[in-house]
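A structural walkthrough
One-letter residues, chain by chain:
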Amino acid sequence: QVQLEESGGGLVQAGGSLRLSCAASGRTFSSYRMGWFRQAPGKEREFVAAISWSGDYTYYADSVKGRFTISRDNAKNTVYLQMNSLKPEDTAVYYCAADPSGRYYDLTYGYWGQGTQVTVSS
């Protein structure tokens, strides 16, 4: 089992950058594939990015491709989401997710964090 805690959210102007972090508990973090999702007010939660357990493979939603980068540091039990060129439509609560099974591009996850708010002003 793994517990996840996101941090790094905040208020930023359009065109700015933020880096989200997700710290995981447990000694088996390196065996989990990880993902980031987001949910804007009044909308369903949507996939943002995913990374394989090794970090060798990544997968992005078309809406963030070229602007966001997912990475992980297995020695620190942490996954990151670097967000550049932020747009007002990126405003949402961002959630970290983990799962010990499946492929890096699978969109189902068994473990979720509580989320961190990202607000992009125009």
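Being a predicted model, the structure only gives us computed values, none of them experimental. (Residues numbered from 1 in each chain as written. Predicted model: local features only at pLDDT ≥ 70, side-chain atom pairs only at ≥ 80, totals over all residues. Heavy atoms only, no water.)

Things to note about the packing of aromatic side chains
Under the counting rule described, the total for this entry stands at 8 aromatic pairs. It is Arg-45 that lies over the ring of Trp-112; its NZ or CZ is 3.7 Å from the centre. (Phe/Tyr/Trp six-rings, centres within 6.5 Å; stacked < 30°, edge-to-face > 60°. Lys NZ or Arg CZ within 6 Å of the ring centre and 35° of its normal.)

Section: the pairing of strand S1 (residues 4–7)
Side chains of S1 alternate between two faces, with Leu-4 and Glu-6 buried and Glu-5 and Ser-7 left unburied. Here S1 runs beside strand S3 (residues 18–24); their pairing, made up of 4 bridges, is antiparallel. Looking at S3, one finds that Leu-4 is bridged to Ala-24. (Buried < 20%, exposed > 50% of the residue type's maximum accessible area, 1.4 Å probe, protein only. Helix = DSSP H or I, 4+ residues; strand = E, 2+ residues; numbered from the N terminus. Pairing = 2+ DSSP bridges.)

As for the pattern of salt bridges
As enumerated under the stated definition, the model contains 5 salt bridges in all. With its nearest N and O atoms 2.6 Å apart, the salt bridge here joins Arg-38 to Glu-46. For Asp-62, the salt bridge identified is with Lys-65, shortest N-O distance 3.1 Å. Asp-62 gets classed as exposed once you look at its relative accessible area, which sits at 65%. A single salt-bridge network, built from bridges that share partners, covers Arg-38, Glu-46, Arg-67 and Asp-90. (Salt bridge = Lys/Arg side-chain N within 4 Å of Asp/Glu carboxyl O.)

Quick look at unusual backbone geometry
Even without being a glycine, Asn-77 presents a positive backbone phi close to 55 degrees. Residue position: Asn-77 is located in the loop between strand S7 (68–73) and strand S8 (78–83). The class of Asn-77 is buried, set by a relative accessible area of 19%. Even without a glycine there, the phi angle at Ser-85 is positive, about 50 degrees. Tracing the sequence through the fold places Ser-85 in the loop between S8 and strand S9 (92–99).

Examining the nonpolar core
Judged by nonpolar contacts, the single largest core of 35 residues is most densely connected at Met-34, Trp-36, Val-79, Leu-81, Met-83 and Tyr-94. At the level of secondary structure, the elements contributing two or more residues to this core comprise S3, strand S4 (33–39), strand S5 (46–51), S7, S8, S9 and strand S11 (116–121). (Core = buried A, V, L, I, M, F, W, Y, C linked by side-chain atoms within 4.5 Å.)

Let's talk about the state of the cysteines
A full pass over the atoms with the stated rule returns 1 disulfide. Across the disulfide from Cys-22 sits Cys-96; the S-S distance is 2.1 Å. In this structure, the disulfide formed by Cys-22 and Cys-96 twists by about -80 degrees around the S-S bond and is classed as left-handed. Here Cys-96 lies in strand S9 and Cys-22 lies in strand S3, a separation of 74 residues in the sequence. Residue Cys-22 shares its accessibility class with Cys-96, and that shared class is buried. (Disulfide = S-S within 2.5 Å.)

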